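# Tertiary structure, described
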Amino acid sequence: FVIYSSVQHYYEQQLQQQTTEAHQALEYAYNRWGKEFCMEQGIGYAPNSWQGLVNYARQQGLSNELMKEIGLIALSDKSGKEYDFFRGRIMIPIRDKFGRVIGYTGRTLSEDDKTPKYLNSTSSVLYQKSKTIFGMDVAWRVGTKEGMFVLVEGAPDVLRLQSIGVLNVVACLGSDWTDDQFALLNRSASKLLFLPDADCPRVGTPYGTGISKVIKSACSAWNLGFEVYIKEIPLGPDGNKQDPDSYCRSRVIYDDLETQDFPVWYAQKLLQKQDMSPNSVVETVAALLARLERDHEIDRYVNLLNDVIKGKS
């Protein structure tokens, strides 16, 4: 924690340096999320240098071994020299529930298609991707009060929604939500609202990867006992991808998105598949509803699903 506190200060300082690359990073961050919000969140910058953090750590007397252990410094297989793990990236701190920095997700400024757009910290004693929830330091109080968390795919989506006042939003920083992460959320809330990316449909399917990911995660959450809801973002004017970060530019835009019950939304998505008959859809969704115990809940969903099936036929 001491090391991360010092490194966080270093990255924040680097964003304010009078260099071309730092100015480019600062301009990108401020234009995307706003100056005040970036300062509140501690958005920083890792210079495009192999030894910047290594030298800083040496000057501050920080343990090289511990910095390698938590993935801030790496060791070259060829030369055996230490080098900065994050380089040329806008640094978004990953914090635990108590606001302590435990890792980073770094957004590259490079235009090279071979460079990963986002790079997360490696697993360490403090940060484990399958058990860490991005944004929880801000979201857990509001999520507990409202009994609901909003789930998105990545850190920029969380930053966007929190900057417009949707404070109970979190992300998994990975492809799928895990049971461990759902268990953490379940300590504070019984309702989850998924906000999937809207991207072009894959070949042979009626919807894109963002929808497919949310279907898988939402089914898992439902089977674990959560009430599950969906807000769906439309595709762009030319059918191009949109995500919560790019689409939800204001709280009004977010609030205007329709909130749908997951089983009903899921049935609508299944009916879009050519290999799914109405009977198959009913059987699939009925398996989800089997966990419900209250007759009035079952009746409500049956009536809603009946309208969906009738509308299709």
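Look a little higher up for the structure.
Our subject in this report is the structure included herewith. The structure displayed is predicted, hence computed values, not measured ones. (Residues numbered from 1 in each chain as written. Predicted model: local features only at pLDDT ≥ 70, side-chain atom pairs only at ≥ 80, totals over all residues. Heavy atoms only, no water.)

## A closer look at the overall build of the chain
Per the secondary structure count, the chain includes 14 helices and 11 strands. Taking 313 residues into account, the globule formula puts the C-alpha radius of gyration at 20 Å, and the chain, at 22 Å, falls close to it. Overall, the chain is about 70 × 40 × 40 Å in size when its C-alpha atoms are taken along their principal axes. Counting across all 313 residues of the chain, residues that qualify as buried make up 49%. (Helix = DSSP H or I, 4+ residues; strand = E, 2+ residues; numbered from the N terminus. Rg over C-alpha atoms; globule rule 2.2 N^0.38 Å. Buried < 20%, exposed > 50% of the residue type's maximum accessible area, 1.4 Å probe, protein only.)

## Side note on the side chain of lysine 269
Within the secondary structure, lysine 269 sits in helix 12 (residues 262–271). Those residues in contact with lysine 269 that lie beyond four places of it in its chain are Tyr207, Ile211, Ile215 and Glu232. (Contact = heavy atoms within 4.5 Å.)

## Some details on the pairing of strand 5 (residues 101–108)
Buried residues dominate strand 5, accounting for 8 of its 8 residues. The antiparallel pairing of strand 4 (residues 89–95) with strand 5 creates a hairpin that spans 5 residues between the two strands, and glycine 99 there sits at a positive phi of about 90 degrees. Here 3 bridges tie strand 5 to strand 6 (residues 118–120), and the two strands are oriented antiparallel to one another. The residue of strand 6 that forms the bridge with arginine 107 is tyrosine 118. (Pairing = 2+ DSSP bridges.)

## A look at the packing of aromatic side chains
Remark: the centre distance and the inter-plane angle together describe each pair of aromatic rings, the angle taken between the planes. Counting across every chain of the model gives 12 aromatic pairs. Of the aromatic side chains, those joined through ring pairs into one cluster are Tyr4, Tyr10, Tyr11, Tyr56, Phe85, Phe86 and Tyr104. Directly above the aromatic system of tyrosine 254 lies the positively charged group of lysine 231, at a separation of 5.0 Å from the ring centroid. Arginine 300 extends its terminal NZ or CZ atom over the ring of tyrosine 301, reaching a point 4.6 Å from the ring centre. (Phe/Tyr/Trp six-rings, centres within 6.5 Å; stacked < 30°, edge-to-face > 60°. Lys NZ or Arg CZ within 6 Å of the ring centre and 35° of its normal.)

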